[in-house]
Amino acid sequence: MMSDSTMIETEDYRVYYQADRSTVFFEGFLRLDGIEAYQPVMDLLMAAIEGDQCIVDLHQLEFLNSSGISMLSMFVVKVRDRGTTRLSFRGSEAILWQTRSLKNLKRLMPDLTIEMLRPQASADPLP
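Treat the numbers as computed from the prediction; the structure is a model and nothing was measured.

Undergrad: Explain the nonpolar core to me, please; I cannot follow it from the model alone.
TA: One recurring pattern in soluble globular proteins is that nonpolar side chains are buried together. Counting residues in hydrophobic clusters, the biggest one holds 33 residues, and the most contacted among them are Phe26, Leu87 and Phe89. When near neighbours in sequence (up to four residues on either side) are disregarded, Phe26 contacts Arg14, Val15, Val41, Leu45, Val56, Asp57, Leu58, Gln60 and Leu61.

Undergrad: Any chance you could explain the packing of helix α3 (residues 66-82) against helix α4 (residues 96-108) here in plain terms?
TA: Between two packed helices, what matters for the description is the angle formed by their axes and the separation of those axes. Direction vectors running N to C along α3 and α4 enclose 30°, while the axes themselves pass 10 Å from each other. The orientation of α3 relative to α4 falls into the category roughly parallel. The way α3 lies across α4 gives a crossing that is right-handed. Contacts between α3 and α4 involve Ile69, Leu72, Ser73, Val76, Val77 and Arg80 from the former and Trp97, Ser101, Leu105 and Leu108 from the latter. Classifying every residue of the contact of α3 with α4 gives seven nonpolar, two polar and one charged.

Undergrad: Quick question: what am I supposed to make of helix α2 (residues 39-48) here?
TA: Helical periodicity: at 3.6 residues per turn, an α-helix aligns residues three or four positions apart in one direction. Val41, Met42, Leu44, Leu45 and Ala48 are the residues of α2 that are buried. Projected onto a plane normal to the axis of α2, the buried residues spread over an arc of 160° and lie on a single side.

Undergrad: In this structure, what is going on with the environment of Arg80? I would like to understand it.
TA: Inspection of the secondary structure assignment puts Arg80 in helix α3. Taking the relative accessible area as the measure of exposure, Arg80 reaches 37% and is therefore partly exposed. Measuring from C-alpha to C-alpha, the distance between Arg80 and Met109 comes to 6.0 Å, with 29 residues separating the pair along the chain. With sequence-adjacent residues up to four places away left out, Arg80 is seen in contact with Leu108 and Met109.

Undergrad: Help me understand the pattern of salt bridges, please; the structure alone is not making it clear to me.
TA: Side-chain pairing between opposite charges can occur once the charged atoms of the two side chains come close. Applying the stated criterion to the full structure yields five salt bridges. Linking Arg14 and Glu27 is a salt bridge whose minimum nitrogen-to-oxygen distance equals 3.0 Å. Pair noted here: Arg14 is in strand β2 (residues 13-18) and Glu27 is in strand β3 (residues 23-30), with a separation of 13 residues, a long-range link. A relative accessible area of 16% places Glu27 in the buried class. In this structure, Glu115 and Arg90 form a salt bridge, with 3.3 Å as the shortest nitrogen-oxygen distance. Separated by 25 residues along the polypeptide, Glu115 in strand β6 (residues 113-117) and Arg90 in strand β5 (residues 86-92) bring together distant segments of the chain.

Undergrad: How do you make sense of α3 when you look at a structure like this?
TA: Here α3 spans 24 Å end to end across 17 residues, near enough to the 24 Å set by a 1.5 Å rise per residue. Three or more residues of α3 are buried, namely Ser67, Gly68, Met71, Leu72, Phe75, Val76 and Val79. Residues of α3 that are buried in the fold lie against α1 (34-37), α2, β4 (53-64), β5 and α4. Residue Gly83 follows α3 closely and has a positive phi angle near 70°.

What counts, and where the lines are drawn
- Residues numbered from 1 in each chain as written.
- Predicted model: local features only at pLDDT ≥ 70, side-chain atom pairs only at ≥ 80, totals over all residues.
- Heavy atoms only, no water.
- Core = buried A, V, L, I, M, F, W, Y, C linked by side-chain atoms within 4.5 Å.
- Buried < 20%, exposed > 50% of the residue type's maximum accessible area, 1.4 Å probe, protein only.
- Contact = heavy atoms within 4.5 Å.
- Axes fitted to C-alpha atoms, helices over the stretch in contact; angles between N-to-C directions.
- Helix = DSSP H or I, 4+ residues; strand = E, 2+ residues; numbered from the N terminus.
- Parallel < 35°, antiparallel > 145°, perpendicular 65-115°, else oblique.
- Left-handed = near helix turned anticlockwise from the far one by under 90°.
- Nonpolar A, V, L, I, M, F, W, Y, C, P; charged D, E, K, R; others polar.
- Arc of directions from axis to C-beta.
- Salt bridge = Lys/Arg side-chain N within 4 Å of Asp/Glu carboxyl O.
- Expected span 1.5 Å × (residues − 1).

Quick look at the structure:
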């Protein structure tokens, strides 16, 4: 069982779970060396799917290397094979790796929900 808020944080990135929102948030630049280095992140994701739904919010994750994308793919397959959790990903249309990679996850789990957020318009006042 996971605490209400669990976090992995470094200078470059932050991954944290908010149980009240059933959401795992990713922020920053995540470029760990090899799939083994992603095990703590995978453990956090696996703990988050104890309920009947889970949202993985990537819209503030500017970079994820190929090992991280592989880890997300393995996570999606594990959720699909368990068959007990509705899984959703939230990404940003403004981040190229997300527009390319997230749709590939749907091939692994056809009932995966993907929501791509549009960038917010600048709220700068006009002169």
